[in-house]
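Architecture at a glance
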Amino acid sequence: MSEKREIVAEKATGLRSINNLILVGIMMAVGVVLRLCASFLVLGNMHPNFLIATYCLSILIVRPNIKEAAVIGFISGCISQIGTSMAWIGLGSETLGGIAMALLIMLPIAKVVKPLVTTFLTTLISGFAFVGLAALTYANPMPFAQFANMAIVTLVTAVLNCVIVAILSVPVDKIINK
């Protein structure tokens, strides 16, 4: 009697899978559209950074390696150049954010709160990297009032982003992993 062969489909992670690459592309496109059109979602002149939210969600679902996450962040930084008043800073801050998200999802955090914690921390890292680079390049030395204002915006953006990613991560994960 011959042995039964079992075929085990291994879930592809990272950008080596065409499906994952397409997902990241779609998420980035959604982030651009929301960034340009979603001025309705404003909280005291502050709003979510949909590019950060969409790359956090992409990295959370796709689980790329560090280099791939850096590329995702860098592409987000390139896209963020549209309509920015501080050119080129987003390239560094978003690349750092992508790397941070890839590292944070490796931590042993409960699956229920992982989208909240990782997105919140990633947005803070990216936001404060942006503030730091702005202080070094555009406002050296940066007045405390300006720093405080940018820090508050970063904090509120982090809260909004983590809520968006936490809400969207469940249905997106179910659709991708059905």
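See the structure above.
Note that the structure is predicted; figures quoted are calculated from it, not measured.

Regarding the overall build of the protein chain
A count of helical and extended segments in the protein chain gives six helices and zero strands. Along the chain direction, N to C, the helices and strands of the protein chain fall in the order α-α-α-α-α-α. Relative to its 178 residues, the protein chain shows a buried fraction of 43%. When contacts within the protein chain are restricted to residue pairs at least 6 apart in sequence, those whose partners lie at least 24 apart make up 70%. On the protein chain, roughly 10,300 Å² of surface is accessible, and the fraction owed to carbon and sulfur atoms is 71%.

Some thoughts on the side chain of Thr 122
With respect to the helices and strands, the residue Thr 122 is situated in helix H5 (residues 114-137). Contact partners of Thr 122, with chain neighbours within four places excluded, come to Tyr 55, Cys 56, Gly 97, Ala 100, Met 101 and Leu 104.

Remarks on the packing of helix H2 (residues 50-62) against helix H3 (residues 66-79)
Where H2 contacts H3, the axes come no closer than 10 Å and their chain directions differ by 160 degrees. By the angle between their axes, H2 is roughly antiparallel relative to H3. As for the relative orientation of H2 and H3, their crossing is right-handed in sense. Contacts between H2 and H3 pair Leu 51, Tyr 55 and Ile 59 from the former with Ala 69, Ile 72, Ser 76 and Ile 79 from the latter. Class assignment of the residues belonging to the contact of H2 with H3 gives a composition of six nonpolar, one polar and no charged.

A short note on the nonpolar core
The biggest cluster of nonpolar side chains holds 27 residues, and the ones touching the most others in it are Tyr 55 and Ile 59. Contributions of two or more residues to this core are made by helix H1 (18-37), H2, H3, helix H4 (89-104) and helix H6 (144-176). With eleven residues, H2 is the single largest residue contributor to this core. Not counting the four nearest positions on each side in its chain, Ile 59 is found in contact with Pro 64, Ala 69, Ile 72, Gly 98, Met 101, Ala 102 and Ile 105. Core analysis: the second largest hydrophobic core is formed by seven residues, Met 86, Ala 139, Met 142 and Met 150 among them.

Parameters and conventions
Residues numbered from 1 in each chain as written. Predicted model: local features only at pLDDT ≥ 70, side-chain atom pairs only at ≥ 80, totals over all residues. Heavy atoms only, no water. Helix = DSSP H or I, 4+ residues; strand = E, 2+ residues; numbered from the N terminus. Buried < 20%, exposed > 50% of the residue type's maximum accessible area, 1.4 Å probe, protein only. Contact = heavy atoms within 4.5 Å. Areas by Shrake-Rupley, 256 points an atom, 1.4 Å probe, with all protein chains shown as cover. Axes fitted to C-alpha atoms, helices over the stretch in contact; angles between N-to-C directions. Parallel < 35°, antiparallel > 145°, perpendicular 65-115°, else oblique. Left-handed = near helix turned anticlockwise from the far one by under 90°. Nonpolar A, V, L, I, M, F, W, Y, C, P; charged D, E, K, R; others polar. Core = buried A, V, L, I, M, F, W, Y, C linked by side-chain atoms within 4.5 Å.

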